[in-house]
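Summary of the model geometry
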Amino acid sequence: MVFRILQAGSVEAERLLMKEYGDLACYEQAVREILAEVKCRGDEAVLAYTARFDGVELTAATMRVSEAEVAEAYTRVDEEFLAALRLARDNISAFHQKQLPKSWAEPDQKGNVLGQLVRPLERVGIYVPGGTADYPSSVLMNAIPARVAGVKEIVMVAPPRRDGRLSPYTLVAAREAGVTEIYKIGGAQAIAALAFGTETIRKVDLITGPGNIYVTLAKKEVYGRVNIDMLAGPSEILIIADETANPRYLAADLLSQAEHDVLASSVLLTPSRELAEAVAGEVEKQLQALERREIAAKSLVSYGGAIITADLEEAVALANRYAPEHLELQVQDPWQWLGLIQHAGAIFLGPYTPEPVGDYLAGPNHVLPTGGTARFYSALNVETFMKKTSLLSYTARGLKAEGEAIVKLANTEGLTAHARAVAVRLEDLTEEGEQ
Ligand SMILES: NC(=O)c1ccc[n+]([C@@H]2O[C@H](COP(=O)([O-])OP(=O)(O)OC[C@H]3O[C@@H](n4cnc5c(N)ncnc54)[C@H](O)[C@@H]3O)[C@@H](O)[C@H]2O)c1
Ligand SMILES: N[C@H](CO)Cc1c[nH]c[nH+]1
Ligand SMILES: [Zn+2]
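Rules used throughout
- Residues numbered from 1 in each chain as written.
- Chains lettered and ligands numbered in written order.
- Predicted model: local features only at pLDDT ≥ 70, side-chain atom pairs only at ≥ 80, totals over all residues.
- Helix = DSSP H or I, 4+ residues; strand = E, 2+ residues; numbered from the N terminus.
- Buried ≥ 20, exposed ≤ 12 C-beta atoms within 10 Å, placed from the backbone.
- Contact = placed C-beta atoms within 7 Å.
- Pairing = 2+ DSSP bridges.
- Near = placed C-beta within 6 Å.
- Nonpolar A, V, L, I, M, F, W, Y, C, P; charged D, E, K, R; others polar.
- Domains from an automatic or database assignment.
- UniProt positions renumbered as here; feature names shortened; annotations may be inferred.
- Right-handed = clockwise from strand over helix to strand, strands pointing away.
- Axes fitted to C-alpha atoms, helices over the stretch in contact; angles between N-to-C directions.
- pLDDT = per-residue confidence, 0-100.
- Parallel < 35°, antiparallel > 145°, perpendicular 65-115°, else oblique.
- Left-handed = near helix turned anticlockwise from the far one by under 90°.

Bringing the overall build of the chain into the picture now. Counting its regular elements, the chain contains 17 helices and 14 strands. Counting only C-alpha atoms and orienting by the principal axes, one finds that the chain spans roughly 90 × 60 × 45 Å. With 435 residues in all, the chain has 43% of them scored as buried. Sequence separation of at least 24 residues holds for 75% of the intrachain contacts in the chain that already meet a minimum separation of 6.

In C-alpha cells form, the structure reads like this:
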C-alpha cells in the first residue's frame, strides 16, 4: 500500500503534517557551494554545473537561445497546443489585469498632497522548471503578470534537455507571453547567475518562479541581494472531504500533484474511514496507469496519506496548521467552510474544480507558496513585479499647522538637525505672517 491511512493525533499523522525534508542540511550545503562557485567564476561555473547536472556541454554563446531557435520551435508545435496555450494565456492575462494597482495622489484641505507612485521593476528573472518535466504553463504564469505590470526586461532560465535544447513548447510559450531573453540553464546555478550576474547574463532585480528543492533553497539564499517572489518548492495538495466525495476523483487529484516530484505531498483529511479506504484502493489502481508512477509512488510513500479526523472541524484546523499550496474542499457545501480557511495558496471548491484547472488554464496563478509558507506568502501576482514609492508635498500652510509637532517629535528623539530643518522654515513663515 503506497497510500497510508492514519489516525489524527497519532505519531505518524503528526509526522506527515510536519513535512520535514529529511536531509535538508545536505541540500543547503550543496546549494551554498554552487552559489559561491558561480559568484566567483561566473559563466565558467554555470557551464560546468550544466554539464554535471543536465549532461549538456554548452558555451557562453550557445547558452542563450537565439531568435532562430524560437522561430524553429513554432514549426515543431501542433495547432491544438497553440490554441490551448493561447486560451490559457488570455485567461491568465484577464485575471491578472484585475490585480493591477494604480498610482494615487490626494490633496487635503490645507493643500498638502500625499500619494503613492507604482512603478514596474526594470529587469526580472523567471525560473521555469524542467528537470523531470516540461513546464510551458509555468512560463505563462511567470511572464504574464510581469508583462501586465509593465516590466521591460523578462529574462527566462530553464534547464536544457539532454539534446542541449529547450523544448519547443517552452520556447513558444515564452514568445507568446512576452519573454525578452532566454537562457538554457537551470537549478541553483541559474538562480546564482540571475542574482549575481555573469559575463553573459546581466543581474536582475527580482527572481520568481517554482522549482525543486535546489532551486527553492537557492532563491532563499540570494534573497536580499535581489528580491524573490516566495518559496515555491515541491508541489502539495491537501484535500478535505466528507462521505459525499467521489473517491475516484480524490485519488486522481492526489496523484496529480504526487507525479511532480518525489518530494511532493498529497494528503487527504476526512472523518470517513470508509472514504479513506476507497481512496487508498483507487490510488493503487490509478497509479499503475501513470507514466510517472515511480515518482508518484515515492512521493506518496514519504509525503502522502489519509488522516482520519473526528469531524470536518478538526480537518479544517489541521489544514490551517499545514497551510497547503493547494487546498481542495470536496464536501457537501464547500462555500460554507470557506470562511474557516486561514492558510492556503489556492482553494478549489467542489467536485468539478480539480487542481489542474488552476495549474493550466482558469487564470489564477499556479506559482504558489509551499512548505507551510502559505501562512505568510501570497500567490505570484502583478504587484510582485512592481514597487511603490511614497509622494509628499506640503504647502506653507500645511507646514505651519503641523510643524511644531514634527519639531517636538524630532527633539524627543534627540535628532535636533531634523527639528531644525522644520524650525528654520517655521521661523520664516512666522515672520511672513507678522509682516
Ligand atoms: N510551488 C509551485 O508553484 C510549483 C509550480 C510548478 C512546479 N513546482 C515544482 O517544481 C519542481 C520541478 O522540479 P524539477 O526537478 O522537474 O525541475 P527543476 O528545474 O526545478 O530542477 C532541475 C534542476 O535541478 C538541479 N539538480 C538536480 N539534481 C541536483 C543535484 N543532485 N545537485 C544539485 N542540483 C541538482 C539541476 O540543475 C537541474 O537542472 C517540482 O518540485 C514541482 O513540484 C512547483
Ligand atoms: N501544480 C504545479 C504547482 O505546484 C503547477 C503545474 C504546472 N504544470 C502542472 N502543474
Ligand atoms: Zn501540477
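Okay, the sheet that holds strand E7 (residues 206–208) next. Pairing within the open sheet is parallel, and its five strands lie in the order E6-E5-E4-E7-E8. Among the strands making up the open sheet, the edge pair consists of strand E6 (181–183) and strand E8 (227–228). Both strand E4 (residues 123–127) and E7 contribute to a ladder of three bridges, which runs parallel. Across the sheet, residue valine 124 finds its bridge partner in E7, namely leucine 206.

Our focus in this paragraph is the site of ligand 1. Inspection of the region around ligand 1 gives 30 residues, with Gly131, Gly186, Gly187, Pro210 and Gly211 positioned closest. Where the shell around ligand 1 is concerned, the elements lending two or more residues are helix H3 (43–54), helix H8 (187–196) and helix H9 (213–222). Partitioned by chemical class, the residues of the shell around ligand 1 number 14 nonpolar, 13 polar and three charged. When residues of the shell around ligand 1 are assigned to domains, at least three fall in each of domain 1 (5–21 + 234–375) and domain 2 (42–230 + 382–387).

Moving on: the domain arrangement of the chain. For the chain, the assigned domains are domain 1 (5–21 + 234–375), domain 2 (42–230 + 382–387) and domain 3 (395–434). Each of domain 1 and domain 2 has a C-alpha centre, and these two points are 29 Å apart. Across the contact, 16 residues belong to domain 1 and 18 residues belong to domain 2. Broken down by class, the residue content of the side of domain 1 that touches domain 2 amounts to ten nonpolar, four polar and two charged.

Time to look at the environment of leucine 254. Here leucine 254 shows up in helix H10 (residues 247–258). We classify leucine 254 as buried; it has 31 C-beta atoms within 10 Å.

Feature annotation in UniProt assigns "binding site: substrate" (unreviewed entry) to the following positions: Ser235, Gln257, His260, His326, Asp359, Glu413 and His418. In sequence the annotated residues extend across 184 residues, and in space they extend as well, their farthest C-alpha pair lying 56.2 Å apart. Positionally, glutamate 413 belongs in the loop between helix H16 (396–412) and helix H17 (416–434).

Turning our eyes to something else, we now look at the environment of leucine 47. One can find leucine 47 in helix H3. Residues leucine 47 and proline 159 lie 112 residues apart in sequence; the distance between their C-alpha atoms is 11 Å. Once residues lying within four places of it in the same chain are set aside, the contact partners of leucine 47 are Leu58, Thr59 and Met63.

So, about the pairing of strand E5 (residues 153–157). Of all the five residues making up E5, four are buried; the element is thus mostly covered by neighbouring parts of the structure. In this view, the connection linking E4 to its parallel neighbour E5 by way of helix H6 (residues 136–149) has right-handed handedness. Bridge count for E5 against E6 is three bridges, and the pairing is parallel. Opposite valine 157, over in E6, you have tyrosine 183 as the bridge partner. At this point the chain moves from E5, through helix H7 (residues 168–177), to the parallel E6, and the crossover so formed is right-handed.

On to the site of ligand 2, then. Taken together, Tyr135, Ser137, Ser138, Ser235, Gln257, Glu325, Asp359 and His366 are the residues near ligand 2. Each of domain 1 (5–21 + 234–375) and domain 2 (42–230 + 382–387) gives at least three residues to the shell around ligand 2.

Pairing in this open sheet of six strands is parallel, and the strands run E1-E11-E10-E9-E12-E13 from one edge to the other. Two strands bound the open sheet, and with one partner strand each, they are strand E1 (5–7) and strand E13 (346–349). When the angles between neighbouring strand axes are averaged without regard to direction, this sheet yields 20 degrees. Relative to strand E11 (residues 304–308), strand E10 (residues 265–270) runs parallel, the two being bridged by five bridges. Bridge pairing in E11 links threonine 270 to isoleucine 308. Strand contacts of helix H1 (residues 11–18): E1, E10 and E11, with the helix running at about 105 degrees to E1, the strand carrying the most contacts. Across the sheet, helix H13 (residues 312–322) is in contact with strand E9 (236–241), E10, E11 and strand E12 (326–330); its angle to E9 comes to roughly 165 degrees.

Let us now look at the UniProt feature "binding site: Zn(2+)" (unreviewed entry) in the chain. When the UniProt feature table is mapped onto this chain, "binding site: Zn(2+)" (unreviewed entry) is found at Gln257, His260, Asp359 and His418. The named residues occupy 162 residues along the chain; their greatest pairwise C-alpha distance, 56.2 Å, places them well apart from one another. Locating histidine 260 in the fold gives a position in the loop between H10 and E10. Not counting residues within four places of it along the chain, the set of residues in contact with histidine 260 comprises Pro234 and Ser235. Tracing the sequence through the fold places histidine 418 in helix H17. Note on histidine 418: 15 C-beta atoms within 10 Å, which makes it partly exposed.

With that out of the way, let us pick up the confidence of the model for the chain. Should the pLDDT be low somewhere, the predicted coordinates at that spot are not to be read in detail. Taken over all residues, the pLDDT of the chain has a mean of 97, while the share at 70 or more is 99%. Reported for the predicted complex are a pTM of 0.96 and an ipTM of 0.98.

Now for the packing of helix H2 (residues 24–41) against H8. As a packed pair, H2 and H8 sit with axes 9 Å apart at the nearest point and diverge in direction by 45 degrees. It follows from the interaxial angle that H2 and H8 lie oblique. Here the hand of the crossing between H2 and H8 comes out right-handed. Listed contacts from H8 to Val31, Ile34, Leu35, Val38 and Lys39 of H2 are Ala188, Gln189, Ala192, Ala193 and Phe196.

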